[in-house]
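# Examining the three-dimensional arrangement
If you want the building blocks of each chain, they are given just below.
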Amino acid sequence: MKKSYQESNSGLRENSKFKILIWSLFDFANTSFSIIVVTFIFAVYFKEVVTKGNSAGDFYWGLAISISMIITAIISPVLGAISDYSTGKKGFLLFFTTLCIIGTASLFFVGEGDIFLAIVLFVLANIGFEAGLVFYDAFLPEIAEPKNYGKVSGYGYAFGYFGSLASLGIAFPFINNDMIRETFPISAIFFMVFALPLFLLLKEKKKRREVKESYFKIGFGRVKNTLTHLKNYKNLATFLAAFFIYIEGVNTVIFFSGIYASQTLQFSMTELIIFFIIVQSTAIIGALLFGFISDKRGQKKAIVYSLYIWIFTVVVAYFSSADDAIIVTLLAKPLGLESLEFQKDAFYFIGLLAGSVMGATQATSRSLMSRLTPYEQKTEFFGFYSFFGKSSAIVGPLAFGAISSLVSQRVAILSVAFFFIAGLVVLNFVKEPAR
């Protein structure tokens, strides 16, 4: 007996919701690496233990990030093109996820003075994490309709921040007992367990294609063809240029926020956990809220709103993080607070602001990219999206690390505002597709 149209349509909707749930669960899984290794625990451990608190530690950390991003930026477009031709996104995603998990677990063996080992293992793990996102992001057009890209992308980031909170909750007892290194294999296990549903349950759309050449030759050939004909995608190229600039600022904040709070503001591990709980909590709200804003008002407007908030956040951070800073001078004494105590309280507020747009900027950018990209070349173009996103993380962290080492972390953080302002200017020339 045939099902009615309504029953069939309902089944399709339920199937779509299931796919979105499984896809979002991978975001829940991989942010354990992002929060434990990149943003918080290992970043601080690297500066305070591995480099023994040396001022050059910021430069070494920025160098490690830049090396991993250079490699990822180079291979991402080719991998995307290969994946489009072979329709094997899941296989590539599995490989890079495994690389990240093994690299993360191996960080347990890094101790005081092991700078080279720390950099090598981090570079491998971060390549696995970042390159995997090329294939993960490319699933978005397969599981959602264009009108819902913003909302679904926001769901993914919101799930991710829930994953960050869960990871911090699991890591807290170990941090409290001074078992910092143990948090790295725990992060790896968390990533592995919650990433499994995607590989076991989510099916990708496949078409049989006869392969007459090696995938690498095909990949390089398609990338060359895309670059040659990029003039036909001027609007997309303009967006990628804007994305390259403003995401530079977002990446720098993510990579250095923990080190900045620990070194400049003397946050304890407990205070850092509270800070990142605030950031992750508001990030959940921001990712969901901006997802709805982007679908209702347009992705471009949503990104513009988020960049205004980023600029305000960086300016407040600069003017509230020194004894002689304007905000500290005007408010600390009238409120009867010590300078450092006030600076810490102000940074909690800054974390609230940054969190509200951290996931929002990335999620909305991903959904706008989905709307601008030709469907048949989705993974290849997401490879370029990844290329611009990853290569942007080369200059920012190096610049921050260099300025921090030569001048101060406070001056370095003000330089981040430049990326948001410049990105906003270029984004103005992007034409959003008709809704």
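A few points on the structure. Position labels on residues start from 1 in each chain and follow its written sequence. Selection of residues for local features in this predicted model requires a pLDDT of at least 70, selection of side-chain atom pairs for listing and counting requires 80 or more, and totals for whole chains, interfaces and linings are taken over all residues. Computation of side-chain values: all heavy atoms of the structure, hydrogens and water removed.

### Some words on the side chain of Ser257
Runs of E in the DSSP output that reach at least two residues are strands. Runs of H or I that reach at least four are helices, and both are numbered from the N terminus. Examined against the element boundaries, Ser257 turns out to sit in helix 10 (residues 234-263). Residue contacts are defined here by distance: any two heavy atoms, one from each residue, within 4.5 Å place the two residues in contact. Residues in contact with Ser257, not counting those within four places in the same chain, are Thr39, Phe276 and Phe347.

### Things to note about the packing of helix 10 against helix 12 (residues 299-318)
Relative to each other, helix 10 and helix 12 sit at 40 degrees, their axes nearing to 12 Å. Along this stretch, helix 10 crosses helix 12, giving a crossing that reads as left-handed. Of the residues in helix 12, those in contact with Phe239, Tyr246, Val250, Val253 and Tyr260 of helix 10 are Ile303, Leu307, Trp310 and Ala317. For this classification, Asp, Glu, Lys and Arg are treated as charged, while Ala, Val, Leu, Ile, Met, Phe, Trp, Tyr, Cys and Pro are nonpolar and the rest, including Gly, are polar. By residue class, the composition of the contact of helix 10 with helix 12 is nine nonpolar, no polar and no charged. Orientation is described by lines fitted to C-alpha atoms, with helices fitted over the stretch in contact, and by angles between N-to-C directions that extend from 0 to 180 degrees. The hand of a helix crossing depends on one turn: near helix anticlockwise from the far one by less than a right angle means left-handed, and clockwise means right-handed.

### A short note on the packing of helix 12 against helix 14 (residues 339-372)
In the contact formed by helix 12 and helix 14, the axes pass within 9 Å of each other and the chain directions differ by 150 degrees. By the criterion of interaxial angle, the relationship of helix 12 to helix 14 is roughly antiparallel. Regarding helix 12 and helix 14, the two cross each other, and that crossing is left-handed. Taken together, the residues of helix 14 that come into contact with helix 12 (itself represented by Gln299, Lys300, Ala302, Ile303, Ser306, Ile309, Trp310, Phe312, Thr313, Val316 and Ala317) are Ile350, Leu353, Ala354, Ser356, Val357, Met358, Thr361, Thr364, Ser365, Ser367, Leu368 and Arg371. Across the contact of helix 12 with helix 14, the residue classes tally to 13 nonpolar, eight polar and two charged. Angle categories: roughly parallel below 35 degrees, roughly antiparallel above 145, roughly perpendicular from 65 to 115, and oblique for all the rest.

### Regarding helix 10
Across its 30 residues, helix 10 extends 43 Å between first and last C-alpha, which sits within 8% of the 44 Å expected from 1.5 Å per residue. Considering bend angle alone, the principal kink of helix 10 is centred on Phe256 and spans about 50 degrees. Any residue under 20% of the maximum accessible area for its type is buried, any over 50% is exposed, and the rest in between are partly exposed; the area is computed with a 1.4 Å probe on protein chains only. The buried fraction of helix 10 is high, at 22 of 30 residues. Given a helix with a known number of residues, its expected span is that number minus one, times 1.5 Å. The angle between axes fitted to the seven residues ending at a residue and the seven residues starting there is what we call the bend at that residue.

### Looking at the pattern of salt bridges
Should a side-chain nitrogen of Lys or Arg be within 4 Å of a carboxyl oxygen of Asp or Glu, the pair is scored as a salt bridge. The tally for this structure, following the rule as stated, stands at four salt bridges. With a closest N to O distance of 3.2 Å, Asp58 and Lys47 form a salt bridge. Of this pair, Asp58 sits in helix 3 (residues 57-86) while Lys47 sits in helix 2 (residues 41-50), and the two are 11 residues apart along the sequence. Asp58 sits in the buried class, given a relative accessible area of 1%. We classify Lys47 as buried; its relative accessible area is 4%. Two residues, Glu271 and Lys344, come together in a salt bridge whose shortest N-O distance is 3.1 Å.

### Notes on the nonpolar core
Definition of nonpolar core: a set of buried residues of the types Ala, Val, Leu, Ile, Met, Phe, Trp, Tyr and Cys, connected through side-chain atoms within 4.5 Å. Judged by nonpolar contacts, the single largest core of 126 residues is most densely connected at Phe40, Phe42, Trp61, Phe239, Tyr246, Trp310 and Phe420. If you tally residues by element for this core, the top one is helix 10, at 15 residues.

### Considerations on empty space enclosed by the protein
Think of a 1 Å grid over the protein atoms and nothing else: a 1.4 Å probe that fits but is trapped marks a cavity, an open set flanked by protein within 12 Å on at least five of seven lines marks a pocket, and residues with an atom within 4 Å of a point count as lining. Grid points are joined across faces, edges and corners, and a volume is the space filled by probe spheres set on the points. Enumeration over the complete set of coordinates arrives at three cavities of 30 Å³ or more. Here the largest cavity defines a volume of roughly 810 Å³. Lining the largest cavity are 49 residues, and of these Ser34, Asn251, Ile254, Met358 and Gln362 sit closest to its centre. Looking at the lining of the largest cavity, the element that brings in the most residues is helix 10, giving 10 residues. For the lining of the largest cavity, a count of residues per class yields 31 nonpolar, 13 polar and five charged.

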